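# What the coordinates show
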Amino acid sequence: MKNTLIRVYLLNLFDLLATMYLVMLFGVDIEGNIIGKWLIETKLVYFFKIVIVGVLLFAIYKFSYKQKSADLCSKILFFVFIILNLYHCLIFFSL
């Protein structure tokens with residue numbers, strides 16, 4: 001589970017960089033997630049994506065090491081971030 005959570009965090013950072021690049025090119029309206037849009041507009045996106053997501057992933061690892069549901073959740077998160085980052089790649093290749 002540890003390796004999966006590390007991969008999720010790295011994909012999270014790639015998502016941050018890709019999103020901010022697209023925002024730089026097209027403006028904040030490119031962000032489809034209303035919470036993400038608010039985080040970008042309030043400049044909290046870096047703190048949230050780097051610190052808060054990191055702390056939450058660490059908490060999943062630290063406090064759920066005996067539960068199989070935590071392992072399943074980490075794999076689901078990994079899958080979701082893979083899809084999200086593939087979407088970013090499709091956008092970049094269409095520019």
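Think of each chain on its own: its residues are numbered from 1, step by step along the sequence as written. Thresholds applied to this predicted model are a pLDDT of at least 70 for local features of residues and 80 or more for the giving and counting of side-chain atom pairs; totals over whole chains, interfaces and linings are not thresholded and use all residues. As a rule here, side-chain values come from all non-hydrogen atoms in the structure, and water together with hydrogens is ignored.

Attention now moves to the overall build of the protein. Helix numbering and strand numbering both begin at the N terminus, where a helix is a DSSP run of H or I of at least 4 residues and a strand a DSSP run of E of at least 2. Secondary structure summary: the protein contains four helices and zero strands in total. Projected onto the principal axes, the alpha-carbon positions of the protein cover approximately 45 × 30 × 20 Å. Whether a residue is buried, partly exposed or exposed follows from its accessible area with a 1.4 Å probe, protein chains only, as a fraction of its type maximum: under 20%, in between, or over 50%, in that order. Counting across all 95 residues of the protein, residues that qualify as buried make up 29%. For the protein, the centre of its 9 positive side-chain charges and the centre of its 5 negative side-chain charges are spaced 16 Å apart. Here the positive residues are Lys and Arg and the negative ones are Asp and Glu; neither His nor the chain ends is included. Here the site of a charge means atom NZ of a Lys, CZ of an Arg, CG of an Asp or CD of a Glu.

A few words now on a nonpolar patch on the surface. Together, Leu72, Ile76, Phe79, Val80, Ile82, Ile83 and Leu86 make up an exposed nonpolar region whose accessible area comes to about 640 Å². On the basis of relative accessibility, which here comes to 45%, the residue Val80 falls in the partly exposed class. In this analysis, a patch consists of residues with relative accessible area above 30% that form no salt bridge, clustered at 9 Å for like charges and at 5 Å for the nonpolar side chains Val, Leu, Ile, Met, Phe, Trp and Tyr. All accessibility values rest on the Shrake-Rupley procedure with a 1.4 Å probe; residue burial counts only the protein chains present in the view. We count a salt bridge whenever a side-chain nitrogen from Lys or Arg sits within 4 Å of a carboxyl oxygen from Asp or Glu.

What pLDDT expresses is the predictor's confidence in each residue, scored from 0 to 100. Here the protein averages 91 in pLDDT, while 98% of its residues score no lower than 70. When mean pLDDT is taken per element in the protein, helix H2 (residues 34–41) scores highest with 95 and helix H4 (residues 68–94) scores lowest with 89.

Attention now moves to helix H3 (residues 45–63). One less than the number of residues in a helix, times 1.5 Å, gives the span that helix is expected to have. Taking 1.5 Å of rise per residue, 19 residues should cover 27 Å, and H3 covers 26 Å from first to last C-alpha, within 8% of that figure. Restricting attention to buried positions, one finds in H3 the residues Val45, Lys49, Val53, Gly54 and Leu57. Elements in contact with the buried residues of H3: helix H1 (2–26), H2 and H4. By the convention used here, residues are in contact when the closest approach between their heavy atoms is within 4.5 Å.

A positive phi is found at Lys43, a non-glycine position, where the angle reads about 65°. With respect to the helices and strands, the residue Lys43 is situated in the loop between H2 and H3.

The end-to-end C-alpha separation of H4 is 40 Å, in line with the 39 Å expected for 27 residues at 1.5 Å each. When we look at burial in H4, the residues that qualify are Ala70, Ser74, Phe81, Asn85, His88 and Ile91. On the buried face of H4, the contacting elements are H1 and H3.

Time to look at the pattern of salt bridges. Side chains that differ in charge, positive against negative, can pair when their charged atoms come close. One pass over the full model with this rule turns up three salt bridges. A salt bridge links Lys49 to Asp15; the shortest N-O distance between them is 2.7 Å. Pair noted here: Lys49 is in helix H3 and Asp15 is in helix H1, with a separation of 34 residues, a long-range link. As far as burial versus exposure is concerned, Lys49 and Asp15 are alike and both buried. The residue Asp71 makes a salt bridge to Lys75 at a minimum N-O spacing of 3.2 Å. Of this pair, Asp71 and Lys75 both sit in helix H4, four residues apart, which is roughly one turn of the helix. Overall, Lys75 belongs to the partly exposed group, its relative accessible area being 47%.

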